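Below are the chains, spelled out letter by letter.
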Amino acid sequence: MALTREQTDLLRRLGLPTDFRDLTDEQYFAVDDKVSEEMLLHGLNEAGDGLNEYGELCCSVIVSLPDD
């Protein structure tokens, strides 16, 4: 699955790889950990019961990680 420009921009801002092909386990977990942390710190809506737009972007990156 190809990443969107917004997803790629987010990964670049976080200093993470933007190509998910041939990720090492270490790279995979670094992306998952950093983006999950970013979502928890900055991606919750004001009520705290869901995601804001930034959180939805973070979630979309996590979902794009390969399953195998």
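Structure first, text after, so check above.
Predicted model, so just to flag it, every value in this text is computed and none were measured.

Draft legend 1. Representation of the packing of helix H1 (residues 5–13) against helix H3 (residues 53–64) within the structure. Contact geometry for H1 and H3: axes closest at 10 Å, N-to-C directions at 90°. Judged on the interaxial angle alone, H3 and H1 are roughly perpendicular. Facing H1, whose interface residues are Glu6, Gln7, Leu10, Leu11 and Arg13, H3 presents Tyr54, Leu57, Cys58, Ser60, Val61 and Ser64. Across the contact of H1 with H3, the residue classes tally to six nonpolar, three polar and two charged.

Draft legend 2. Broad picture of the side chain of Ser64. Here Ser64 is to be found in helix H3. For Ser64, a relative accessible area of 9% translates into the label buried. Within the structure, Ser64 has its side chain in polar contact with the backbone oxygen of Ser60 (distance 2.8 Å).

Draft legend 3. Local environment of the side chain of Thr8. You can see Thr8 is positioned in helix H1. Sequence-distant contacts of Thr8, defined by excluding residues within four places in its chain, comprise Leu3 and Thr18.

Draft legend 4. Spatial organisation of unusual backbone geometry. Phi angles above zero are rare outside glycine, and Asp22 is one such case at about 60°. Relative to the helices and strands, Asp22 resides in the loop between H1 and helix H2 (25–42).

Draft legend 5. The nonpolar core, seen in detail. If you look at the biggest cluster of nonpolar residues, it comprises 14 residues, and the most contacted ones within it are Leu10, Leu11, Leu16, Phe20, Val31, Val35 and Val61. Every element with two or more residues in this core is listed here: H1, H2 and H3. Beyond its immediate chain neighbours, meaning those up to four positions away, Leu10 contacts Tyr54, Leu57, Cys58 and Val61.

Draft legend 6. Representation of the packing of aromatic side chains in the model. Summed over all chains, the structure comprises one aromatic pair. An angle of 90° between the planes, with centres 5.3 Å apart, marks the rings of Tyr28 and Phe29 as edge-to-face. Looking at Tyr28, the relative accessible area reads 23%, which means it is partly exposed.

Conventions and cut-offs
- Residues numbered from 1 in each chain as written.
- Predicted model: local features only at pLDDT ≥ 70, side-chain atom pairs only at ≥ 80, totals over all residues.
- Heavy atoms only, no water.
- Axes fitted to C-alpha atoms, helices over the stretch in contact; angles between N-to-C directions.
- Helix = DSSP H or I, 4+ residues; strand = E, 2+ residues; numbered from the N terminus.
- Parallel < 35°, antiparallel > 145°, perpendicular 65-115°, else oblique.
- Contact = heavy atoms within 4.5 Å.
- Nonpolar A, V, L, I, M, F, W, Y, C, P; charged D, E, K, R; others polar.
- Buried < 20%, exposed > 50% of the residue type's maximum accessible area, 1.4 Å probe, protein only.
- Polar contact = N/O pair within 3.5 Å; in protein donor to acceptor, adjacent residues only side chain to side chain.
- Core = buried A, V, L, I, M, F, W, Y, C linked by side-chain atoms within 4.5 Å.
- Phe/Tyr/Trp six-rings, centres within 6.5 Å; stacked < 30°, edge-to-face > 60°.

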